Amino acid sequence: MSNKINYYRDYINNYLNLYFKGKGSYNRIIYDSASYSINIGGKRIRPILFLLTYGLYKDNYEDVIEMASAIEMIHTYSLVHDDLPCMDNDDLRRGMPTNHKKFGESIAVLAGDMLLNEAMSMLMKFSIKNGDKALLASKEIAEAAGPEGMIGGQIVDIINENKQISKDELIYMHNKKTGELIRVSIVAAAILANAPKEDIKILNDFGLKLGLAFQIKDDILDIVGDVSKLGKNTKSDENNHKSNFISLFGLEYCENECIKLTKECVELLKGLSVNAIELEDLTLELLNREF
């Protein structure tokens, strides 16, 4: 793992650890609840992808931490809601009790809502300060989180419990539910950095493939992963009677598909107008991860 990836992870963690400090009065529990979920760990893959991509073209990463952190807030809100009894009903996340286990279901619902609203507020304030490119990037992020993005994938996941779905629908679900926030972390950063149009197209394709590889790897780890390393319970899809790549194609196919997609990702990065070695490093790290 490169020093830059570790540095960005620490930088993001420090920023988020301080973000909700000292906020609230009678409503303080909502800040405590949101802060709990966003600061109990996590790989920070999405904001790291954002900062690495932005850094291909600009070197003022400190000035764009708000947008990177907004994406992580959107991701964390989705996890808080995913864990709820009405969704996946999980009691372990990032090695700690899930939000609703610690704060109660009502607070957890509102904490997720709050993280999404705070993210959108951050994006709007950032766009007011930084102009048209920031606004375009923010629009991409908002749409990636919505009904044609992450929520669309979550809907397909929920309505197909106890059903066998087609490969096309499964790929749609994975591309949207997990892939969209990964893709947009890369594309929004490229837009904000005023990257060449051809580079943005390549990075969009890279993001699509990386997002799919990431979700297939998650499916693999849900079957063969170690709970102590994952920080969450395994066999969640199986217990909730959900289709995934393992249930449709088997473990060997999924492992080979992850390797194939990763190689395609690395090849795409070599076509950029800039050297993207840290993005290559992170892509390979995600293939070999154990959590």
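Residues numbered from 1 in each chain as written. Predicted model: local features only at pLDDT ≥ 70, side-chain atom pairs only at ≥ 80, totals over all residues. Heavy atoms only, no water.

Draft legend 1. Looking closely at the overall build of the chain. Regarding its fold elements, the chain presents 15 helices and two strands. Over its C-alpha trace the chain gives a radius of gyration of 18 Å, about what one expects of a compact globule, namely 19 Å for 291 residues. C-alpha atoms of the chain, sized along the principal axes, occupy 50 × 45 × 35 Å. Counting over 291 residues, the chain shows a buried share of 53%. Sequence-distant contacts in the chain: of pairs separated by 6 or more residues, those separated by 24 or more amount to 74%. By element, 52% of the accessible surface of the chain is carried by carbon and sulfur atoms, the whole surface being about 13100 Å². Between the centroid of the 34 positive side chains of the chain and the centroid of its 43 negative side chains there is a distance of 2 Å. (Helix = DSSP H or I, 4+ residues; strand = E, 2+ residues; numbered from the N terminus. Rg over C-alpha atoms; globule rule 2.2 N^0.38 Å. Buried < 20%, exposed > 50% of the residue type's maximum accessible area, 1.4 Å probe, protein only. Contact = heavy atoms within 4.5 Å. Areas by Shrake-Rupley, 256 points an atom, 1.4 Å probe, with all protein chains shown as cover. Lys, Arg positive; Asp, Glu negative; His and termini not counted. Charge placed at Lys NZ, Arg CZ, Asp CG, Glu CD.)

Draft legend 2. Examining the pattern of salt bridges more closely. Taken as a whole and judged by the stated rule, the model has 16 salt bridges. Of the charged contacts, one joins E264 and K260 as a salt bridge, the two residues approaching to 3.2 Å between their closest N and O atoms. With E264 and K260 both in helix α14 (residues 251–269) and four residues apart, this pair spans about one turn of that helix. Residue E264 is classed as partly exposed on the basis of its relative accessible area of 24%. Through salt bridges that share partners, K209, E257, K260 and E264 make up one connected network. (Salt bridge = Lys/Arg side-chain N within 4 Å of Asp/Glu carboxyl O.)

Draft legend 3. Expanded view of the side chain of H81. Locating H81 in the fold gives a position in helix α4 (residues 65–82). Residue classification places H81 among the buried positions, given a relative accessible area of 16%.

Draft legend 4. Region of the structure containing helix α1 (residues 3–19). The terminal C-alpha atoms of α1, which comprises 17 residues, lie 24 Å apart, in line with the 24 Å expected from a rise of 1.5 Å per residue. The inward-facing, buried residues of α1 contact α2 (28–38), α3 (45–55), α4, α6 (105–130) and α15 (277–287). (Expected span 1.5 Å × (residues − 1).)

Draft legend 5. Expanded view of α15. Within the span of α15, buried status applies to L279, E280, L282, T283, L286 and L287. Buried residues along α15 cover an arc of 165° about the axis, so they all sit on one side. Contact partners of the buried residues in α15: α1, α3, α10 (197–224) and α14. (Arc of directions from axis to C-beta.)

Draft legend 6. Representation of the packing of α3 against α4. In the contact formed by α3 and α4, the axes pass within 8 Å of each other and the chain directions differ by 155°. Judged on the interaxial angle alone, α4 and α3 are roughly antiparallel. The two elements α3 and α4 cross, and the hand of that crossing is right-handed. Listed contacts from α4 to R46, P47, F50 and L51 of α3 are I65, M67, A68, I71, E72 and H75. Grouping the constituent residues of the contact of α3 with α4 by class yields seven nonpolar, one polar and two charged. (Axes fitted to C-alpha atoms, helices over the stretch in contact; angles between N-to-C directions. Parallel < 35°, antiparallel > 145°, perpendicular 65-115°, else oblique. Left-handed = near helix turned anticlockwise from the far one by under 90°. Nonpolar A, V, L, I, M, F, W, Y, C, P; charged D, E, K, R; others polar.)

Draft legend 7. A nonpolar patch on the surface, seen in detail. Taken together, the side chains of I151, I155, I158 and I159 present a nonpolar region at the surface, about 310 Å² in accessible area. Tracing the sequence through the fold places I151 in helix α8 (residues 150–159). On the accessibility criterion, I151 (30% relative accessible area) is partly exposed. (Patch = residues over 30% accessible without salt bridge, like charges linked within 9 Å, V, L, I, M, F, W, Y side chains within 5 Å.)

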